[in-house]
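Here is what each chain is made of, one letter per residue.
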Amino acid sequence: MKNAVYLTNLVLVLISIYLFNIAPPTTPNIFLFWALAILWLSCIPLYHFLLIGCEREAIPLMPVWSGFIVLSYSLPVFLIKPEDYEIYDVTAECLEYSFWSFLLFYIYYYCLYHTLSTKIRFTPIQFSVTGARCRFYALLFLLVNIVTSKVFSIDSIQFIGVLGFYFFVGTYIVLQHQKVRITTVEKVLFNIILLYEFIERVISGQILAFGLLFIFYVFVSYVLKAGMKKLVIVCVSFVLLYSWYSQVKYSYREFIWFSDKSYNFIERVQLLGDLAFHPEAYNAGPPKETEKQNSHIIWRFSYQASAFALIIDKTPRDVPFWEGSTYQVLAKFIPRILWPDKPLEDANLQYNKTYGLVPPEAEVSPFPLPTLAEMYMNFGTAGIVYGMFGLALLYYGMNSYFNSINNNPINKVYGIGILISYINIEGNFTMTFGVISLMILTLLALLYCFKLLADKLNIH
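From a predicted model like this one, the values you see are computed outputs, not experimental measurements.

Rules and cut-offs
Residues numbered from 1 in each chain as written. Predicted model: local features only at pLDDT ≥ 70, side-chain atom pairs only at ≥ 80, totals over all residues. Heavy atoms only, no water. Helix = DSSP H or I, 4+ residues; strand = E, 2+ residues; numbered from the N terminus. Salt bridge = Lys/Arg side-chain N within 4 Å of Asp/Glu carboxyl O. Buried < 20%, exposed > 50% of the residue type's maximum accessible area, 1.4 Å probe, protein only. Phe/Tyr/Trp six-rings, centres within 6.5 Å; stacked < 30°, edge-to-face > 60°. Lys NZ or Arg CZ within 6 Å of the ring centre and 35° of its normal. Bend = angle between axes of the 7 residues up to and from the residue. Contact = heavy atoms within 4.5 Å.

Novice: Outline unusual backbone geometry, supporting the account with residue identities and numerical values.
Specialist: In this chain, Thr315 is followed by Pro316 through a cis amide linkage whose omega measures 0°. You can see Pro316 is positioned in the loop between helix H13 (303–314) and helix H14 (347–354).

In C-alpha cells form, the structure reads like this:
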C-alpha cells in the first residue's frame, strides 16, 4: 500500500500543476491557493484508508466523501470563473472558511477513529447467503420498496423504500457473483426492477438520484472484488451520461418542476428524449456565454461553495443568525398524527426565500441548504467549530457500525445501502441525518418480522 501512497502523491502533484495552469486568467491567486489547499487536505482520508483503513473498512467511505468535497469546493475554482458559480460569486473568504472547516472535521474524525474502539458491527444476516432465506428477505424488501415508495409514496417513510430497493438489488448482485442458481423469474424481475428504477431516477430531474445508484453498484462490485474492467465500464458510462444530462437538466426541470402540467412517467421519458435529440426546439437563439459555462460538467458541483459564499456574505449583515431554528431532529421521531401542530421541516424553502433565491410566494425550493452553510447560518464560526465535531462523531459511528470488512457479503451490501445516502452532504442536517435512528429501528423491526415469517414458512 505504501507504493500506492507514493503513486498518489505523484498524481496529486501533476494534477495540481495542471489545474493551476488551466485556471481562468481572471481568477485571483488567493482563490487558487485555498482551492489547492482543500484538494490536498481532502487526500488525507485516501492516505489513511490505503495505510490503515483498508484493514478495517469494507468500502472507502471517507475517501469518497472527501472526493465530493473536492468536487464541490476545490475543482470548480480551477474550471469556472468566480462570477459564474451557480447562485452567487464565490469568495476567498468562503474558500478559506471551507478549508478550516474540513480541517477541523478531519482532526475530530481521526481523533475519534484512533481513540475509540468500536467492536459492535451491523450483522443482521447471520445465516448462509446462498440459502433460500436470503432471497426471501430480498423479495420482502422489494415488497417494502413497492408499498412505501410506489403505492403510497409517503414522504416520512420513503427512506425505508429506498433501503428496500438497495437491499434487493445488492442481494441479487451478490448471488449472481457467487454463481448461485436463481430462477428465470427472479432474473427477469431483477432486471426489470433495476431498469425501471434507473429510468425513474433519471427522469426525476435530480442528478444525484441516479448518481447514487451508480455509486452503489461500484461499491458492491468493489466489496465483491468484481474486477477493474467492470468498474471502469460503469464509471465511464456514468461520466458520459452525466455530461449529457447536465446540459439538458435545467430545460427539463422547467417543464416537470415549475410548469402547471403534471407529467406522468411516459411523458417524462418522451420529454427527456426530445431534449436529448431536439434541444433546439426548446432553446431558441444562440446560447449566452454564461449558459455555455453552465454546461461544464463540474458546474453543478459549484453550488455548495456558492451557497456558502452567499450565506457568509449576508449573515449576519442582512440576515440575522438563525440560532438553531433549522435543526428539527427531535420532531422527526414524532408522527404528525400524535403531534398535529408539529413544525414543518421546511428549512430549504425558508433559506431559498430569505436569501432571495425564489419569490416569497414560492412553494418549491429548488436549491438545498448545504450542511456546512447551515452551521454558519445558525451560529456563525461557533456553529462550524461545534457542528463539525457532531458531524465527525456521526460519521465515525456510521463508518464503524455499518462498514466492517469482517462482515459477510450480504451484511456489507446492507451497510452500503445505508451509507450511500451520506457520501454527499448537500442537504440540511435534519433532512440528511434526522432519520438515522428511526431508520435503524425500523430496519431491525422489519428484519425481526422477516425472521418470524421465514420461520413460520420453514424457509432456510
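Read on for the rest.
Novice: Lay out the environment of Val144 with the relevant residues and their values.
Specialist: Turning to its location among the elements, Val144 is positioned in helix H6 (residues 132–151). Spatially, the C-alpha atoms of Val144 and Leu163 are 9.0 Å apart, while their sequence positions differ by 19 residues.

Novice: Run through the pattern of salt bridges, naming residues and quoting values.
Specialist: One pass over the structure, following the stated rule, counts seven salt bridges. Glu186 is paired through a salt bridge with Arg135; the nearest N and O atoms lie 2.6 Å apart. Of this pair, Glu186 sits in helix H8 (residues 184–202) while Arg135 sits in helix H6, and the two are 51 residues apart along the sequence. By relative accessible area, Glu186 is classed as buried at 10%. The partner of Glu197 in a salt bridge is Arg201, and the shortest N-O contact between them spans 2.9 Å. Of the two residues, Glu197 and Arg201 are both situated in helix H8; the distance of four residues between them amounts to about one turn of the helix. According to the relative accessible area criterion, Glu197 is buried, its value standing at 9%. One network of salt bridges, in which partners are shared, links Arg133, Lys451 and Asp455.

Novice: Outline the packing of aromatic side chains, supporting the account with residue identities and numerical values.
Specialist: Within the structure shown, the criterion is met by 43 aromatic pairs. Considering the side-chain rings of Phe167 and Tyr414, the 4.2 Å spacing of their centres and the 20° angle between planes classify their relative orientation as stacked. One end of the pair, Phe167, is in helix H7 (residues 158–177); the other, Tyr414, is in helix H17 (residues 409–419), with 247 residues separating them in the sequence. Each member of the pair, Phe167 as well as Tyr414, is classed as buried. Above the face of the Tyr113 ring, Arg56 is positioned so that its terminal group lies 4.1 Å from the ring centre.

Novice: Kindly report on helix H10 (residues 228–256), identifying the contributing residues and their values.
Specialist: Its axis deflected by about 45° at Lys249, H10 carries its strongest bend there. All buried positions along H10 are accounted for by Leu231, Val234, Leu241, Tyr242, Tyr245, Ser246, Val248, Lys249, Ser251, Tyr252, Arg253 and Ile256. Contacts from the buried residues of H10 go to H8, helix H9 (207–223) and helix H11 (265–277).

Novice: Before we move on, can you summarise the side chain of Thr171 with the specific residues and values?
Specialist: Mapped onto the secondary structure, Thr171 falls in helix H7. Those residues in contact with Thr171, other than ones at most four positions away along the chain, are Cys134, Ala138, Ile410, Val413 and Tyr414.

So yeah, pure geometry; function would need other evidence.
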